[in-house]
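Each chain, written out:
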Amino acid sequence: MGDSRKTSLISSIVAAVCIVLYATALAYGAVNIIRNVRDMRALSEEECGALVDKASSAAILGFMSSGYQESLRDFLTESGTLLGIIISSPSGEYGFEKIPGSVITWNDISPRFKSAFGIPGDPYFRSLRIDGLRNVTIKIQYTLIDYYQFIRTLKNTLIIILAVLSLAVFTLLMEMAIKRKNYTTVHAAPRKAQAAPKTKPKTTGKIYREPADIPADVPPDIPPEEPFIDFSEPEIPAEDAAEMPEEMPEEEAAVVSSKNPAKEKTGADLPTGLYSKRGNVGWESYTKDRLASELYRCAASEQDLVFIVMEYYRDTISDKEYRMFADQAVSFFALRDLIFEKGNSGLTVVLPGIGVEQGIAKSEEFHLRLRNKMPDFIKTPQDLAIGLSSRSGRLLEPARLMLEAESAMNKAKEDPASPIVAFKSDPEKYRDYLNKHSTKG
């Protein structure tokens, strides 16, 4: 949860920086282009006046003589803004271009200027003073864009935009990677969740299985490689298993509720809305229905699911302490709608998509978090007992899973060395039991 908030803050800062840089790049490009157009217009006016003087004075070589025409072409070649000229005289019209075919088109014998990007539609129009001739005029076409400077400006702007885009994409990829990592931690598929690291972390939680699971060749004084105590289905004797009804009796289902149930609710305390008033988490009465929904969804997608029951050692705690306790659970598990009240001093948590080993690891992290965040509330590890159980590939009712987690929590209360205990069933034995029971029924 903390990593997500930090990532969102960094993303917001990067987004703001990107917006500023984009605006800066656009402003840089616009200012440079406008400045270039203004400078080109001023230069074109100067060159136009110089060309008019040149065309008038060069007439001494003979109007439209080869020397006269050559002097006009040389002037256009050296010009920075002028593209072409059209001279009209009583003897006809003459056209000259800086680059042949670029700005002049011929209509029969009359030249006309073309329309193109960067070429204004109002060329300069001046009169020429030519001795012996009257009504001699000149039209001068020019450009307002210095294409070298224009391309240079676009390149610089594009570099800034690409740099900003790269920063934005990198930030997006990092945010997606962090979110995927957080999602995988909470919602990982069972196969990925059970991939053990090279060095197995030391845990304080215990898993109860059947004693027969311990290898026969292991000496009595040497524990098996896996640092867990083995135990099986929650205390169901073999001789009584056949008599166990398919539906859980009310007496047995009552174990699911808190050992220290809350006092009878008044009309004002009845569940209203999605979250409770005391803990701002799910109401206790919603637990079974929501667990049933998650069990069905995980079974359909072949995912595991862990159900956690945790209870404070005191029968009652203040509303302030309980609210802090619940807030820490919401902050850590990041699933407010899958966290529920349990009696006066407990909580239950539904964690879909993970197995029992991951459930133990997360329970230990949360236990340590409470001891660090609420030292006055959790003074010793035994102050908070946690029990959990998982679906483990079984098709089972929510009451059964709740009973297993409750049984594991009771084991944790009895064992001062481990405040966290997980119940792990044998799916094959569970299915055999259901088949036998169904046959006998």
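A.B. asks: So what about the overall build of the chain? Which residues, and what values?
C.D. replies: The secondary structure content of the chain amounts to 11 helices and 12 strands. By residue count, 40% of the 441 residues in the chain fall in the buried class. Contacts in the chain between residues far apart in sequence, at least 24 positions, make up 69% of those at least 6 positions apart. For the chain, the exposed surface amounts to about 25400 Å²; the carbon and sulfur share of it is 57%.

A.B. asks: Before we move on, can you summarise the nonpolar core with the specific residues and values?
C.D. replies: In this structure, Ile308, Met310, Phe325, Phe333, Leu347 and Leu388 are the most contacted members of the largest nonpolar core, which totals 50 residues. Beyond its immediate stretch of four places on either side in the chain, Leu347 contacts Val281, Ile308, Val309, Met310, Tyr322, Phe325, Ala326, Ala329, Ile339, Phe340, Glu341 and Lys342. Leu51, Val52, Ala59 and Phe75 belong to the second-largest nonpolar core, a separate cluster that totals 23 residues.

A.B. asks: Pulling in residues and values, what's your account of the packing of helix H8 (residues 319–333) against helix H9 (residues 356–373)?
C.D. replies: Relative orientation of the contacting elements H8 and H9 amounts to 135°, with a least axis distance of 11 Å. As judged from the angle between their axes, H8 and H9 are oblique. The crossing of H8 and H9 is right-handed. Here Phe325, Gln328, Ala329, Ser331, Phe332 and Phe333 of H8 lie close against H9, whose contacting residues are Lys362, Glu365, Phe366, Arg369, Leu370 and Lys373. Class assignment of the residues belonging to the contact of H8 with H9 gives a composition of 6 nonpolar, 2 polar and 4 charged.

A.B. asks: Report on helix H2 (residues 66–78), specifying residues and quantitative values.
C.D. replies: Taking 1.5 Å of rise per residue, 13 residues should cover 18 Å, and H2 covers 18 Å from first to last C-alpha, within 8% of that figure. Burial in H2 covers these residues: Tyr68, Ser71, Leu72, Phe75 and Leu76. Along H2, the residues classed as buried sweep out an arc of 135° about the axis, all on the same side. Opposite the packed face of H2, turned more than 90 degrees from it, sit the exposed residues Ser66, Thr77 and Glu78.

A.B. asks: Tell me about the side chain of Thr287, and name the residues and values.
C.D. replies: In this structure, Thr287 sits in helix H7 (residues 287–300). Residue classification places Thr287 among the buried residues on the basis of a relative accessible area of 4%. Those residues in contact with Thr287 that sit more than four places away from it in its chain are Phe307, Phe340, Glu341, Thr348 and Met402.

A.B. asks: Got a sec to walk through the sheet that holds strand E2 (residues 92–97)? Specific residues and values, please.
C.D. replies: Overall, antiparallel pairing links the 4 strands, which are arranged E2-E1-E6-E5 in an open sheet. In the strand order of this sheet, the two ends are held by E2 and strand E5 (124–127), each with one partner. With direction set aside, neighbouring strand axes in the sheet form an average angle of 15°. The pairing of strand E1 (residues 82–89) with strand E6 (residues 137–142) spans 6 bridges and is classified as antiparallel. Among the inter-strand pairings, Ile86 is bridged to a residue of E6, identified as Lys139. In the packing of H2 onto the sheet, contacts are made with E1 and E2, and the angle to E1 comes to roughly 150°.

A.B. asks: Could you give me a rundown of the side chain of Ser11, with the residues and numbers involved?
C.D. replies: Mapped onto the fold, Ser11 is located in helix H1 (residues 2–57). A polar side-chain atom of Ser11 sits 3.0 Å from a polar atom in the side chain of Glu175. Sequence-distant contacts of Ser11, that is, excluding residues within four places in its chain, are made with Thr171 and Glu175.

A.B. asks: If you had to explain the pairing of strand E10 (residues 346–352) to someone new, which residues and values would you point to?
C.D. replies: Summarising burial for E10: 7 of the 7 residues are buried, a large majority. Residues Gly346, Thr348, Val350 and Pro352 of E10 are buried on one face, and the alternating residues Leu347, Val349 and Leu351, pointing to the opposite face, are buried as well. As defined by bridge partners, strand E8 (residues 305–312) adjoins E10 across 7 bridges and the pair is classed as antiparallel. For Val306, the partnering residue across the bridge sits in E10 and is Leu351. When strand E9 (residues 339–342) meets E10, the two strands line up antiparallel, connected through 4 bridges. Following the sheet pairing, Ile339 is matched in E10 by Val349. What sits between the antiparallel neighbours E9 and E10 is a turn of 3 residues, in which Gly343 has the positive phi angle 60°.

The rules behind the values
- Residues numbered from 1 in each chain as written.
- Predicted model: local features only at pLDDT ≥ 70, side-chain atom pairs only at ≥ 80, totals over all residues.
- Heavy atoms only, no water.
- Helix = DSSP H or I, 4+ residues; strand = E, 2+ residues; numbered from the N terminus.
- Buried < 20%, exposed > 50% of the residue type's maximum accessible area, 1.4 Å probe, protein only.
- Contact = heavy atoms within 4.5 Å.
- Areas by Shrake-Rupley, 256 points an atom, 1.4 Å probe, with all protein chains shown as cover.
- Core = buried A, V, L, I, M, F, W, Y, C linked by side-chain atoms within 4.5 Å.
- Axes fitted to C-alpha atoms, helices over the stretch in contact; angles between N-to-C directions.
- Parallel < 35°, antiparallel > 145°, perpendicular 65-115°, else oblique.
- Left-handed = near helix turned anticlockwise from the far one by under 90°.
- Nonpolar A, V, L, I, M, F, W, Y, C, P; charged D, E, K, R; others polar.
- Expected span 1.5 Å × (residues − 1).
- Arc of directions from axis to C-beta.
- Pairing = 2+ DSSP bridges.
- Polar contact = N/O pair within 3.5 Å; in protein donor to acceptor, adjacent residues only side chain to side chain.

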